[in-house]
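Each chain, letter by letter, is given below.
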Amino acid sequence: MNNKQRREFLKRLTYTFAAGTTASVMPKMNFLGQAMASQNRQFDDYKAIVCLELDGGCDSFSMLTPRDSVASGSRYDTYLNSRGGAYTNGIGIGYDFDELLPVSSTADGSGPVMSSGSFGLNPEFADRAFSNNGAGTTPGLQSLYNQGNVAFLANVGSLIEPITKFEYLNGIKRAPRAPGSHSDQRIIWDTGGILERNLGWGGSLIGEILDGGADNAIFPASISLYGNSLFNIGKIAGTNTPIPSYILNAGGAIPLRYFGGNNPKTNALNDLYASDYFSAFSQEYKKTFARARNFANDFNTLLEQGAGSTAQGDGWGRINVPYQTSGNFDPVNNRYPSAQVTVNGQNYENRVFSQLQTVARLIKISRTPAAGVNASRQVYFVKLPDFDTHSTQMDNDSLFRLMASISQAVGYFSQAMQEIGAENEVTLFTSSEFGRTLTPNGTGTDHAWGGVHFAMGGAVNGGKIYGRYPNLELNADNDAESDWSFDRGQYIPTTSVEQMMATIAAWMGADGTQLDAIFPNLSNFNNSDLGFMS
């Protein structure tokens, strides 16, 4: 390009920025051409995984606690003492025995380590009844666990190799950098254990199991509902070519806005699309921009198909499961107002619910033959922020709201998967940078290390706790029970991120060689399959 051509091109491009939101397509534009030219279906079945990130470091020992007895010396008594007492007494952050929702777990004596005994789930994990938009009940995590659709994973965290407290303190074995760092640990969880890698394990999984990193000509196999996510970024196996990926918001693709008529901004955008450029770079940029616009329109057209019609086969992106909202729930006309969750009589917006609702709609489209997507493997990313609870943790709009939001959204998602017949084909799981200290930090908690996570779906061997649930003691140093913590209850993990994620990736179809490529530290651990997936 000569200087005049370059100035003209940049001038026109600047007008397109003024025409609307381009951030949703600009970072990913080089992927879109690949997505539109992708291959045919490569598996005979459909499977999808949904990563639910609990951003900020979830106090997950408030999700699953011991609930054996109130007697002195019981596991519950140890938990309550480590948490500084019951929050209802205004002296700690523990839950009263009778508040906890009872569940049990039994180890089957074979395979990887499992935990047995009586446990309690967070009180906000109960079923949630609502009366608007048709009376109904959204199942909570307690019901899903008792039905065998949820499994908990105990004391999971970042590890390079198994490590004891003595080995950690004396530098005998390798340990991950900065276990309490948000930025470092978020990278480790997203990449599957490698801090120095800029590829996510979800995207890398797609790059390994799908030839060309895609299997249909409409939807990419890797989609984020919460901005740019490292988890979704990958490369086609054996190449440096990025896999097709896309970012959506809860309402679908973010299109470039049109102002209609003889508007200068609209004219500038159309002129950019229509012009010919001497430079090959400019020509490809123009084509990619046009593909981005068309791709966004394709997404939204599929989501809106069948609006206003109740005919059989219409409503490819329609989910009929009712839910709690103050708005007008009308799936026939594709109106899905923001979900609400009630905590101690107060209503709050459920910030992750709408993301999972859109995931459910996209999965339905992906599995509907008439829609023409014909996908076989997909990975999705959603996020619920605000878990960095350094203060006022036990207020209504802090941990209570967060736990209620998780349970309600996951319960709805389970119902939606049952509605479309995909309950055995979709697995949702949690991630979070780290657990939090057992001891309170005034009215909150500090960063720690190991924590509790869960997986949900019909393919989950649920109703059990996998891994070794810790004794929840402060400054524990018990080699016989692999129970190690520091003075504030920061637990050294006994299950690695790689083991948890590799179990899910294997269910998606990754073989041993592919698992080793995605999770380079996996061979350091005895069990690459924790057994919680069927």
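What this report covers is the structure whose coordinates are included nearby.

Criteria and cut-off values
- Residues numbered from 1 in each chain as written.
- Predicted model: local features only at pLDDT ≥ 70, side-chain atom pairs only at ≥ 80, totals over all residues.
- Heavy atoms only, no water.
- Salt bridge = Lys/Arg side-chain N within 4 Å of Asp/Glu carboxyl O.
- Helix = DSSP H or I, 4+ residues; strand = E, 2+ residues; numbered from the N terminus.
- Buried < 20%, exposed > 50% of the residue type's maximum accessible area, 1.4 Å probe, protein only.
- Polar contact = N/O pair within 3.5 Å; in protein donor to acceptor, adjacent residues only side chain to side chain.
- Contact = heavy atoms within 4.5 Å.
- Pairing = 2+ DSSP bridges.
- Axes fitted to C-alpha atoms, helices over the stretch in contact; angles between N-to-C directions.
- Parallel < 35°, antiparallel > 145°, perpendicular 65-115°, else oblique.
- Left-handed = near helix turned anticlockwise from the far one by under 90°.
- Nonpolar A, V, L, I, M, F, W, Y, C, P; charged D, E, K, R; others polar.
- Core = buried A, V, L, I, M, F, W, Y, C linked by side-chain atoms within 4.5 Å.
- Phe/Tyr/Trp six-rings, centres within 6.5 Å; stacked < 30°, edge-to-face > 60°.
- Lys NZ or Arg CZ within 6 Å of the ring centre and 35° of its normal.

**Focus on the pattern of salt bridges**
- Taken as a whole, this structure holds 16 salt bridges when the rule is applied.
- Put simply, D45 and R377 hold a salt bridge, and the shortest N to O gap is 3.0 Å. Of this pair, D45 sits in the loop between α2 (29-36) and β1 (47-54) while R377 sits in strand β13 (residues 377-384), and the two are 332 residues apart along the sequence.
- D45 gets classed as partly exposed once you look at its relative accessible area, which sits at 32%.

**Some thoughts on the side chain of S405**
- By secondary structure assignment, the location of S405 is in helix α11 (residues 396-419).
- A relative accessible area of 0% places S405 in the buried class.
- A distance of 2.8 Å separates a polar atom in the side chain of S405 from the backbone oxygen of R401.
- Apart from the residues lying within four places of it in its own chain, the contact partners of S405 are V341, N350, V352 and L384.

**Concerning the pairing of β1**
- Of all 8 residues in β1, 8 are buried; the element is thus mostly enclosed.
- Taking every second residue as pointing to the same face, both faces of β1 are buried, with K47, I49, C51 and E53 on one and A48, V50, L52 and L54 on the other.
- Pairing between β1 and β13: 8 bridges, direction parallel. The residue of β13 that forms the bridge with C51 is F381.

**Observations concerning the packing of helix α10 (residues 353-367) against α11**
- Between α10 and α11, the least distance of the axes is 9 Å, while the angle of their chain directions is 15°. With respect to their mutual orientation, α10 and α11 come out roughly parallel. For the pair α10 and α11, the crossing hand works out as right-handed. On the side of α10, the interface is formed by F353, L356, Q357, V359, A360 and I363, while α11 contributes Q408, A409, V410, Y412, F413, A416 and M417.
- A per-class count over the contact of α10 with α11 returns 11 nonpolar, 2 polar and no charged.

**Observations regarding the nonpolar core**
- Ranked by internal contacts, the top residues of the largest apolar core, which has 91 residues, are I363, Y380, I406 and F413.
- If one sorts the elements of this core by residue count, α11 sits on top with 12 residues.
- Beyond its immediate chain neighbours, meaning those up to four positions away, F413 contacts V50, L356, V359, A360, I363, V426, L428 and M456.
- Of all hydrophobic cores here, the second largest spans 40 residues; its members include W201, V460, Y466 and F532.

**Quick word on the packing of aromatic side chains**
- Tallied over the full model, the rule gives 25 aromatic pairs.
- Taking 6.4 Å as the distance between ring centres and 65° as the angle between the ring planes, the aromatic pair formed by F61 and Y491 counts as edge-to-face. Here Y491 lies in the loop between β18 (483-484) and β19 (495-496) and F61 lies in the loop between β1 and β2 (64-66), a separation of 430 residues in the sequence.
- Between F231 and F429, the ring centres sit 6.5 Å apart and the planes meet at 65°, which makes this aromatic pair edge-to-face. Within this pair, whereas F231 is found in the loop between β9 (222-224) and β10 (245-247), its partner F429 is found in strand β14 (residues 426-431), the two being separated by 198 residues in sequence.
- Take F231: its relative accessible area is 0%, and that puts it in the buried class.
- Taken together, the ring pairs in this structure connect W201, F231, F381, F429 and F519 into an aromatic cluster.
- Above the ring of F97, the side-chain terminus of R67 is found at 4.2 Å from the ring centroid.
- Lying across the ring of F43, R377 places its NZ or CZ 3.9 Å from the centre.

**Observations concerning the sheet that holds strand β3 (residues 101-105)**
- Read across the sheet, 3 strands follow the order β2-β5-β3 without closing on themselves; strand pairing throughout is antiparallel. Two strands in the sheet have a free side with no partner beyond their single neighbour: β2 and β3. Adjacent strand axes in the sheet meet at a mean angle of 40°, parallel and antiparallel pairs treated alike.

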